[in-house]
Amino acid sequence: MKKRTGTKALSIALAAALCMTGLAGCGSKTQETQGSTAAKTEAGETPAELKPVTLKLWSCSDKYQAQAEVLDKFCETYRDKLNIDKIEFNYVPFGDYEDKMTSLVAGGDDFDGMYVSDWMLYNKMSNKGGLMPLNDFMQQYAPSLYATYQENGSMTACSIDGQLVAMPWTKKKSSKAILLYRKDLADQYGVDTSRLETIEDLDAMLTEAKAKVPDITIFESGFPRGNTYSDVLAVLHAKYEMDNMNYHTLTFDFNGEKPVLKAVEETPMFKEAVTWMNKWYNEGIVSKNELSETDTKMFENGKTFAKVGLHETAMQGVVFNIPNAELGYAEIYPDGKYRYDSPLNNAFAVNKNAANPERLLMLLELLNTDEAAYDLFMYGIEGETYVNG
């Protein structure tokens, strides 16, 4: 895997909604050979005979820097294989996403694909029959990707009555909480981050940062917002070795003889979380206006000193929207038990009314089998939106 450093990067997060499948090890010659015929037919057409189309895609969150520039470059570079004139990647805020997608599908909109997951939209859309069955389409237009799902066992996670209705990513990941902080500010103001293994260590660091770092909110999310756990509660799951089921607000003890679901509010973990939330709120570590905050990228925009994220975020890095920011991270309770996420934790589905389902699958097949295509779509234009290091 080549190391890539973002500059004005498109960011992995843009492509994450579409490239859930990715390349195993950034591509393999075996996959490339297996999938090389995927783009050769659409109703018997060769690539040169394909009608030019515009792919319309939807996801939650925010638009990323250089998005239009990178997608235009991608369409031009792979016109001979896909003949996609334009990729319209549209974004909706998290809180509005389910209602927006439900209304578009119910109204017969012919957009092509949408982000889904076990925590966002999949259950509602699959129950309403809004997702296109994919078994036959994938075997014709994305055979290597379909084979990957069969081989790794992820088919069942996104299938209904044996029919695949969403394309899960193939990465193995966990949602165990990781503390992210501004290393540049910690170094500049002498905040000690050498020991961050317990909630008490975190409290000491945040308290010190509050006293030393000026003009910034210290901790991003002490309280729950929308359907998301508070950062405090996310950290404590590792301490108590309980499962974080996120917006279901249910949990179970990993050390129990058999899983017994409980409401989070019924656990000692919740009482401790509320105690820390109250302390940090009263001390001004968490913003007094947090519950009315609408900026979903406070950390990236330089408004907060620390927040809780995911391990993969720490490994991939954060694309800051301010100059000279540097990321630091620490795993609180590094020995605490956790589980791997379901393949359905991130997935992409085809709208049942899609105008170009075959072309969308051909795009995914190309991304799954061609490393250069994957790099361009995921990272952008080398030397402009990212550099190899």
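Residues numbered from 1 in each chain as written. Predicted model: local features only at pLDDT ≥ 70, side-chain atom pairs only at ≥ 80, totals over all residues. Heavy atoms only, no water.

Enquirer: Looking at this structure, how should I read the overall build of the protein?
Expert: For the protein, the helix and strand inventory stands at 15 helices and 15 strands. Of all 389 residues assigned to the protein, the portion counted as buried reaches 50%. Approximately 17,800 Å² of the protein is accessible, and the part contributed by carbon and sulfur atoms is 49%. (Helix = DSSP H or I, 4+ residues; strand = E, 2+ residues; numbered from the N terminus. Buried < 20%, exposed > 50% of the residue type's maximum accessible area, 1.4 Å probe, protein only. Areas by Shrake-Rupley, 256 points an atom, 1.4 Å probe, with all protein chains shown as cover.)

Enquirer: How should the pattern of salt bridges be read in this particular structure?
Expert: Pairing is possible between side chains that carry opposite charge, provided their charged atoms lie close to one another. Here the structure, examined in full by the defined rule, presents 16 salt bridges. A salt bridge links Asp184 to Arg182; the nearest nitrogen and oxygen atoms lie 2.8 Å apart. With respect to burial, Asp184 and Arg182 carry one shared label: buried. When salt bridges that share partners are traced, they join Glu76, Arg79 and Asp85 into one network. (Salt bridge = Lys/Arg side-chain N within 4 Å of Asp/Glu carboxyl O.)

Enquirer: Explain the side chain of Glu241 to me, please; I cannot follow it from the model alone.
Expert: When you line up the elements, Glu241 lands in the loop between helix 11 (231-240) and strand 10 (250-251). There is no salt bridge for the buried Glu241, and the closest opposite charge comes from Lys337, which lies 4.5 Å off by N-O distance. Polar side-chain contacts of Glu241 include one of 3.4 Å to the backbone nitrogen of Lys337. Ignoring any residue separated from it by four or fewer positions in sequence, one finds Glu241 in contact with Phe252, Asp253, Phe254, Asn255, Asp335, Gly336 and Lys337. (Lys, Arg positive; Asp, Glu negative; His and termini not counted. Polar contact = N/O pair within 3.5 Å; in protein donor to acceptor, adjacent residues only side chain to side chain. Contact = heavy atoms within 4.5 Å.)

Enquirer: I keep staring at the sheet that holds strand 13 (residues 327-330) and nothing clicks. Help me out?
Expert: In sheet architecture, strand pairing relies on hydrogen bonds along the backbone and comes in two forms, parallel and antiparallel. Spatial strand order, 9-12-8-13: four strands in an open sheet with mixed pairing. Pairing within the sheet leaves two strands with one partner each, and these edge strands are strand 9 (217-219) and strand 13. On average, each strand axis in the sheet is inclined to that of its neighbour by 30 degrees, with strand direction left out of account. One ladder, built from five bridges, connects strand 8 (residues 177-182) with strand 12 (residues 304-310); its direction is antiparallel. Within the sheet, the bridge partner assigned to Leu179 lies in strand 12 and is Val308. Lying on the sheet, helix 10 (residues 199-212) is in contact with strand 8, strand 9 and strand 12; it crosses strand 9 at an angle near 175 degrees. (Pairing = 2+ DSSP bridges. Axes fitted to C-alpha atoms, helices over the stretch in contact; angles between N-to-C directions.)

Enquirer: Looking at this structure, how should I read the pairing of strand 2 (residues 53-60)?
Expert: A regular strand carries its side chains on alternate faces of the sheet. Within strand 2, six of the eight residues are buried, which leaves it mostly tucked inside the rest of the structure. Summarising the sheet, strand 2 and strand 3 (residues 84-92) pair through eight bridges and their orientation is parallel. Residue pairing for strand 3: Leu57 is matched across the bridge by Phe89.

Enquirer: Help me out: how do you make sense of the nonpolar core in this one?
Expert: The tendency in soluble globular proteins is for nonpolar side chains to be buried as a group. Formed by 63 residues in total, the largest nonpolar core has its most connected members in Phe74, Ile87, Tyr97, Met101, Met114, Met138 and Leu363. The element best represented in this core is helix 14 (residues 357-369), accounting for seven residues. Not counting residues up to four positions away in its chain, the partners in contact with Phe74 are Leu82, Ile87, Leu363, Leu366, Leu367, Ala373, Leu376 and Phe377. Counting 37 residues, the second-largest nonpolar core is a separate cluster that includes Leu179, Val213, Phe219 and Ala273. (Core = buried A, V, L, I, M, F, W, Y, C linked by side-chain atoms within 4.5 Å.)

Enquirer: Just checking my understanding: could you explain the environment of Asn353 for this structure?
Expert: Within the secondary structure, Asn353 sits in the loop between strand 14 (347-350) and helix 14. Setting aside anything within four residues of it in sequence, one finds Asn353 in contact with Val105, Gly108, Asp109 and Asp110.

Enquirer: When you look at the pairing of strand 14 in this model, what are you seeing that I'm missing?
Expert: Residue alternation in strand 14 divides its side chains into two sets, Ala347 and Ala349 and Phe348 and Val350, and both sets are buried. Pairing analysis gives four bridges linking strand 4 (residues 113-116) to strand 14, with the strands arranged antiparallel. If you follow Gly113 over to strand 14, its bridge partner there is Val350. Across two bridges, the pairing between strand 7 (residues 167-168) and strand 14 is antiparallel. Its bridge partner being in strand 14, Pro168 is matched across the sheet by Ala347.

Enquirer: Would you explain unusual backbone geometry in this entry?
Expert: Both trends apply: most residues other than glycine have a negative phi, and most peptide bonds are in trans. Positive phi, close to 50 degrees, is recorded for Asn83, a residue that is not glycine. Residue placement: Asn83 occurs in the loop between helix 4 (79-82) and strand 3. We classify Asn83 as buried; its relative accessible area is 12%. With a phi angle near 80 degrees, Leu121 is a residue other than glycine that sits in the positive phi range. Topologically, Leu121 is positioned in the loop between strand 4 and helix 6 (122-127). Residue classification places Leu121 among the buried residues on the basis of a relative accessible area of 2%.

Enquirer: Even after reading the chapter, I still don't get helix 3 (residues 67-77), so can you show me in this structure?
Expert: Given 3.6 residues per helical turn, the α-helix brings residues three or four places apart onto the same face. All of the buried residues in helix 3 are Gln67, Val70, Leu71, Phe74 and Cys75. Down the axis of helix 3, the sector holding all buried residues measures 135 degrees, keeping them to one side. (Arc of directions from axis to C-beta.)

Enquirer: Sorry if this is basic, but what is going on with the environment of Lys128 here?
Expert: In this fold, Lys128 is placed in the loop between helix 6 and helix 7 (135-141). As a C-alpha pair, Lys128 and Val105 span 23 residues in sequence and 9.7 Å in three-dimensional space.

Enquirer: Explain the packing of aromatic side chains to me, please; I cannot follow it from the model alone.
Expert: Aromatic ring pairs are reported here in terms of the distance separating the ring centres and the angle at which the planes meet. Counting across every chain of the model gives eleven aromatic pairs. The interplanar angle of 35 degrees and the centroid separation of 5.6 Å between the aromatic rings of Trp276 and Trp280 together place this pair among those described as tilted. One end of the pair, Trp276, and the other, Trp280, are both in helix 12 (residues 268-282), four residues apart, so they sit about a helical turn from each other. The same class applies to Trp276 as to Trp280, namely buried. (Phe/Tyr/Trp six-rings, centres within 6.5 Å; stacked < 30°, edge-to-face > 60°.)

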